[in-house]
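# Chains, contacts and geometry: an overview
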Amino acid sequence: MKNAADGTKSFNVGLGLLKIWLCYEVVLTHLAEYAVPEVPVLAKLRDYAVPAFMLMTFFFSARSFAACEGAWVRKRFYRLLLPYVFWSVFSCAVFMVLSAWYPSLSVPWEMLGWQLAGGTTRQIGSQMWFLAVLIWLTALFAVFFRFTPRKYVDHGLVLIFSLSAMVEYSGLNRWLFEGLRYELCNPLGRICSMIPYACLGLFIGLRRDMLSRMSVATRWVAVATALAWAVFLYHYKVFNVPPGFFYRGFGMLAMGLAFCAAAYCLPAEKLPARAVSAVAYLSRFSMGVYFTHILVGRVFLEVAGAHFGIAGKCFDAANVTFVLSFGVSMLIGALPWKTARGLVE
């Protein structure tokens, strides 16, 4: 299931490749029109990037949550708050400076307050809601694991999962938040939508030892089954979509799980060490691309897009932004300071 990336650490190649693809889909979401005539399937699959990212996040952190170590919780809050605050403030500052020459980049100062409150403003960057929700869910599940006896953890996760689904499918979640301004309803309304992803990721993550013992044949069966399920879900609507905010409902959850399962179980032990190292290196910066792509994309389109014949959001704009965001993240990650690496990894 794992591949040696550098001789000292283990690395899952399938999930590494999935992270790279997912961050590309996120860039498409914000830097291309919804229809992508060049590759239509990419337009539809972009909806499942956040579901898969959220599942992976809690899958990998399940054991740490279960250990209930205060030091780990404090470190996690720091790792989430550092890029959340920095990229919000830095993006706002860059836009304000450049607005002297490019007025369309102007940002009212009060928007920085809303950005820091919920990670969602059209003027600075709506993508940071993901980190805001992660921060809130980290607090929720840190308390949950701290006060829930281990023998009741599974029952508790099922209960939280069920309650959040009931709140969502009943329409209560939409009723609670849809009347708020955009900068609040978007992040607050998605907390309930993200709880099932977190619960499922934690539930499966607590069983990683069992998953790691699967034979190669079993893993190939799992990959084939997961991909077949994803193709079926792609073509047929199986689950009703509850009222509310994006990424809601069991359909999104099922598709995200299918992608994560296929990637995790993918047998890749025979890959050359250099290929594994390359995937491991690139996947380190997937979140850096997520943090920076709106800043990089808007600046590119305003300052240089016309020189390359790219006048607005389109497939080409997304591709250029993806490459540039990776480059920016790699440069920051190469700096000799741990804090700098924390901004992009």
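Residues numbered from 1 in each chain as written. Predicted model: local features only at pLDDT ≥ 70, side-chain atom pairs only at ≥ 80, totals over all residues. Heavy atoms only, no water.

In this section: the overall build of the chain. A tally of regular secondary structure across the chain gives 16 helices and 2 strands. Relative to its length of 345 residues, the chain is compact, with a C-alpha radius of gyration of 20 Å against a globular reference of 20 Å. Dimensions of the chain, computed from C-alpha atoms along their principal axes, come out at roughly 60 × 50 × 45 Å. Across the 345 residues of the chain, 49% fall into the buried class. Accessible surface computed for the chain: about 16500 Å², of which carbon and sulfur atoms make up 68%. Averaging the coordinates of the 30 positive side-chain charges in the chain and doing the same for the 16 negative ones gives two points 9 Å apart. (Helix = DSSP H or I, 4+ residues; strand = E, 2+ residues; numbered from the N terminus. Rg over C-alpha atoms; globule rule 2.2 N^0.38 Å. Buried < 20%, exposed > 50% of the residue type's maximum accessible area, 1.4 Å probe, protein only. Areas by Shrake-Rupley, 256 points an atom, 1.4 Å probe, with all protein chains shown as cover. Lys, Arg positive; Asp, Glu negative; His and termini not counted. Charge placed at Lys NZ, Arg CZ, Asp CG, Glu CD.)

With that settled, the discussion passes to the side chain of serine 325. Its location among the elements puts serine 325 in helix α15 (residues 315-333). Among all residues touching serine 325, those that are not within four sequence positions of it are Val289, Thr292, His293 and Val296. (Contact = heavy atoms within 4.5 Å.)

A contiguous patch of positive charge on the surface is contributed by Lys75, Arg79, Lys338 and Arg341. Among the secondary structure elements, those contributing two or more residues to the positive patch are α4 (70-98) and α16 (338-342). Residue classification places lysine 75 among the partly exposed positions, given a relative accessible area of 48%. (Patch = residues over 30% accessible without salt bridge, like charges linked within 9 Å, V, L, I, M, F, W, Y side chains within 5 Å. Salt bridge = Lys/Arg side-chain N within 4 Å of Asp/Glu carboxyl O.)

Take the side chain of serine 61 next. Inspection of the secondary structure assignment puts serine 61 in helix α3 (residues 49-67). Each residue touching serine 61, except ones within four places of it in the same chain, is listed here: Trp72 and Arg76.

Scanning the entire structure with this criterion turns up 28 aromatic pairs. Here tryptophan 129 and phenylalanine 130 contribute two aromatic rings whose centre-to-centre distance is 6.0 Å and whose plane-to-plane angle is 80 degrees, an arrangement assigned as edge-to-face. With relative accessibility at 4%, the residue tryptophan 129 sits in the buried group. For the pair phenylalanine 239 and phenylalanine 250, a centre-to-centre distance of 6.2 Å together with 80 degrees between the ring planes defines the contact as edge-to-face. Here phenylalanine 250 lies in helix α12 (residues 250-265) and phenylalanine 239 lies in the loop between α11 (216-235) and α12, a separation of 11 residues in the sequence. Judged by its relative accessible area of 30%, phenylalanine 250 falls in the partly exposed class. Ring pairing ties together the aromatic residues Phe53, Trp129, Phe130, Phe246, Tyr247, Tyr290 and Phe291, which thus form one cluster. Taking the ring centre of phenylalanine 203 as reference, the NZ or CZ of arginine 207 above it sits at 3.9 Å. (Phe/Tyr/Trp six-rings, centres within 6.5 Å; stacked < 30°, edge-to-face > 60°. Lys NZ or Arg CZ within 6 Å of the ring centre and 35° of its normal.)

In this section: helix α13 (residues 273-283). The complete set of buried residues in α13 reads Val276, Val279, Ala280 and Ser283. Buried residues along α13 cover an arc of 100 degrees about the axis, so they all sit on one side. (Arc of directions from axis to C-beta.)

Taken N-terminus to C-terminus, the directions of helix α1 (residues 13-31) and α3 make an angle of 140 degrees; their axes are 9 Å apart at the nearest point. It follows that α1 is oblique to α3 by the angle criterion. Helix-helix and strand crossings are classified by hand; for α1 and α3 the assignment is left-handed. Along the contact surface, α1 presents Leu15, Leu18, Lys19, Leu22, Cys23, Glu25 and Val26, while α3 presents Ala49, Ala52, Phe53, Met56 and Phe60. Partitioning the contact of α1 with α3 into residue classes produces 10 nonpolar, no polar and 2 charged. (Axes fitted to C-alpha atoms, helices over the stretch in contact; angles between N-to-C directions. Parallel < 35°, antiparallel > 145°, perpendicular 65-115°, else oblique. Left-handed = near helix turned anticlockwise from the far one by under 90°. Nonpolar A, V, L, I, M, F, W, Y, C, P; charged D, E, K, R; others polar.)

Below, the discussion takes up the environment of phenylalanine 60. Note that phenylalanine 60 resides in helix α3. It is 8.0 Å that separates the C-alpha atoms of phenylalanine 60 and glycine 201, two residues lying 141 residues apart in sequence. Sequence-distant contacts of phenylalanine 60, that is, excluding residues within four places in its chain, are made with Leu15 and Arg208.

Within the largest apolar cluster, 107 residues are counted, with the highest numbers of intra-cluster contacts made by Phe58, Phe130, Phe141 and Met194. Considering every element that reaches this core, the biggest residue donor is helix α6 (residues 129-147), with 12 residues. Those residues within four positions of methionine 194 in sequence are excluded, and the remaining contacts are Val50, Met54, Trp129, Val133, Leu137 and Tyr247. (Core = buried A, V, L, I, M, F, W, Y, C linked by side-chain atoms within 4.5 Å.)

Summed over all chains, the structure comprises 6 salt bridges. A salt bridge links arginine 207 to aspartate 154; the nearest nitrogen and oxygen atoms lie 2.5 Å apart. In this pair, arginine 207 is assigned in the loop between α9 (182-205) and α10 (208-212) and aspartate 154 in helix α7 (residues 153-169), connecting sequence segments 53 residues apart. You can call arginine 207 partly exposed: its relative accessible area is 25%. Its salt-bridge partner being arginine 284, residue glutamate 345 comes within 2.7 Å of it at the nearest N-O pair. With glutamate 345 in the segment after α16 and arginine 284 in the loop between α13 and α14 (286-303), the pair connects residues that are 61 residues apart, well separated along the chain. According to the relative accessible area criterion, glutamate 345 is partly exposed, its value standing at 30%.

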